[in-house]
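Inside the fold
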Amino acid sequence: MKKYNFNAGPSILPAEVIKQTADAVIDFQGEGLSILEISHRAKYFQPVVDEAEALMKELLNIPEGYRVIFVGGGASMQFCMVPFNCLEHKAAYLNTGVWSKKAIKEAKAFGEVVEVATSAADNFTHIPMDFEVPQDADYLHITTNNTIYGTEISDEKLQAIYAKKGNVPLIADMSSDILARPIDVSQYDIIYGGAQKNLAPAGVTFVIVKEAFLGKVSRHIPTMLDYRTHVENGSMFNTPPVLPIYTAMLTLRWLKANGGLEAALERNMAKADLLYKAIDESKIFEGTAKKEDRSMMNICFVLKPEYAHLQDDFFKFATAKGMVGIKGHRLVGGFRASTYNAMTLEGVQALVDCMKEYEQSLNL
Ligand SMILES: *Cc1c(COP(=O)(O)O)cnc(C)c1O
């Protein structure tokens, strides 16, 4: 049976990228060695890191003055690296869910944290916009896509945030929507994310950083936690996660070959529209996120209260039809279909068909 991988992370990668990764594990570029056993210092590997950085810059249209580094520790490590490197007195955070909250918790160890707004009272079903950014903040931190709640800061709201921030540097956790749509990188001083949602297997974290933004805090920063270490050494200060970086490079090649981010956005919108339409037209399902803030990447839905008792039954039904990873996060319940770049329209259609077939079987 064909399986459709809707996991939230680690998550689906393009089939050809998985195949090429597998090939490199057996024989890396015809060298008669596995990528798992070559030195990262070898002449073979530097071009991989260089190409990955170059493709990130090209696809995201990253302006001069920025570097892309690949480090370990996950996005969770960035929750502490960001304030370590950038918080001298005060930082502003927009709290749109669990990942924002975790970032806030770490930042509090380094200085004053102002939570400019939160939708916690509504279980993070929307992106609050009624806030001002303290102009003396060292930075404003946002989470562009809230993987657990299925909300995403729309382009329109991003524009409003760019206007609100004034001269305050902007930092974003884009773990789960990086490369899903074009983004104006020039508005940001740091963009980071774990690669395991839309780019690579777990183990590598990308950081896009404006070089001129670094070196502004007075505290001592441990070598490995200092962005400058990784910038100056081109992600090669210590042994980098070689395999995930290689896969990331392949995924970036795949994105470029498939039309770049404008085309990715079109595909992602088509998939999200298809699934949200099915949810909105359904008698038994309903979406959880406010419409204007719905995520293109993580689509959350539940059974309407009168059908809530069918949750396990539908889950079993869908699993039997090859749907993988559609259980919602325990904080939201119900279901979540993650439709990252590598998910096909055919996969989303299969889920929609499965939802319709289930509903029909109830003879309502
Ligand atoms: C998954 C996720 C994280 C955590 O990433 P790790 O790499 O596991 O630390 C942080 N932020 C967002 C938005 C996520 O989706």
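Residues numbered from 1 in each chain as written. Predicted model: local features only at pLDDT ≥ 70, side-chain atom pairs only at ≥ 80, totals over all residues. Heavy atoms only, no water.

**Some points on the sheet that holds strand β4 (residues 112-118)**
- In spatial order, the strands read β2-β10-β9-β8-β5-β3-β4; together these seven strands make up an open sheet with mixed pairing. The sheet terminates laterally at β2 (66-71) and β4, the two strands that pair on one side only. When the angles between neighbouring strand axes are averaged without regard to direction, this sheet yields 20°.
- Pairing of strand β5 (residues 140-143) with strand β8 (residues 170-173) involves four bridges; the strand directions are parallel. Opposite Thr143, over in β8, you have Asp173 as the bridge partner.
- In this fold helix α2 (residues 46-59) packs onto β2 and β10 (205-210), with an angle of close to 130° to the strand it touches most, β2. (Pairing = 2+ DSSP bridges. Helix = DSSP H or I, 4+ residues; strand = E, 2+ residues; numbered from the N terminus. Axes fitted to C-alpha atoms, helices over the stretch in contact; angles between N-to-C directions. Contact = heavy atoms within 4.5 Å.)

**Concerning the packing of α2 against helix α7 (residues 242-257)**
- The N-to-C vectors of α2 and α7 enclose an angle of 40°; their axes lie 9 Å apart at closest approach. As far as their axial angle goes, α7 and α2 are oblique. Both α2 and α7 take part in a crossing whose hand is left-handed. In this structure, α2 contributes Val48, Val49, Glu51, Ala52, Leu55, Met56, Glu58 and Leu59 to the contact, and α7 contributes Ile245, Tyr246, Met249, Leu252, Arg253, Leu255 and Lys256.
- Looking at the contact of α2 with α7, its residues break down into 11 nonpolar, no polar and four charged. (Parallel < 35°, antiparallel > 145°, perpendicular 65-115°, else oblique. Left-handed = near helix turned anticlockwise from the far one by under 90°. Nonpolar A, V, L, I, M, F, W, Y, C, P; charged D, E, K, R; others polar.)

**Here's the deal with the pattern of salt bridges**
- All told, the structure shown has 15 salt bridges when counted by the stated rule.
- Here Arg67 makes a salt bridge to Glu53, at a shortest N to O gap of 3.0 Å. Separated by 14 residues along the polypeptide, Arg67 in strand β2 and Glu53 in helix α2 bring together distant segments of the chain.
- Residues Lys291 and Asp280 are paired through a salt bridge, measuring 3.8 Å at the closest nitrogen-oxygen approach. In this pair, Lys291 is assigned in the loop between β11 (285-287) and β12 (298-303) and Asp280 in helix α8 (residues 260-281), connecting sequence segments 11 residues apart. (Salt bridge = Lys/Arg side-chain N within 4 Å of Asp/Glu carboxyl O.)

**Re the packing of aromatic side chains**
- Tallied over the entire structure, the rule returns 14 aromatic pairs.
- Ring centres of Phe79 and Tyr192 lie 6.3 Å apart, and the angle between their planes is 70°; this geometry places the pair in the edge-to-face category. Here Phe79 is found in helix α3 (residues 74-86), whereas its partner Tyr192 is found in strand β9 (residues 190-194), with 113 residues between them in sequence.
- Since its relative accessible area comes to 3%, Phe79 is described here as buried.
- On the accessibility criterion, Tyr192 (0% relative accessible area) is buried.
- Within the aromatic cluster, the residues linked to one another by ring pairs are Phe285, Phe301, Phe314, Phe317, Phe335 and Tyr358.
- Sitting over the ring of Phe131, Lys164 keeps its end group 4.8 Å from the ring centre.
- The aromatic ring of Phe315 is capped on one face by Lys327, whose charged end is 4.1 Å from the ring centroid. (Phe/Tyr/Trp six-rings, centres within 6.5 Å; stacked < 30°, edge-to-face > 60°. Buried < 20%, exposed > 50% of the residue type's maximum accessible area, 1.4 Å probe, protein only. Lys NZ or Arg CZ within 6 Å of the ring centre and 35° of its normal.)

**Some words on the nonpolar core**
- Core analysis: the largest hydrophobic core is formed by 62 residues, its most contacted members being Leu60, Ile142, Leu179, Tyr188 and Ile208.
- For this core, the leading source of residues is α7, giving nine residues.
- Every residue in contact with Leu60, bar those within four places of it in the chain, is listed here: Ile178, Leu179, Ile183, Val185, Ile208 and Leu261.
- Judged by nonpolar contacts, the second largest core, of 36 residues, contains Ala180, Leu310, Tyr340 and Val352. (Core = buried A, V, L, I, M, F, W, Y, C linked by side-chain atoms within 4.5 Å.)

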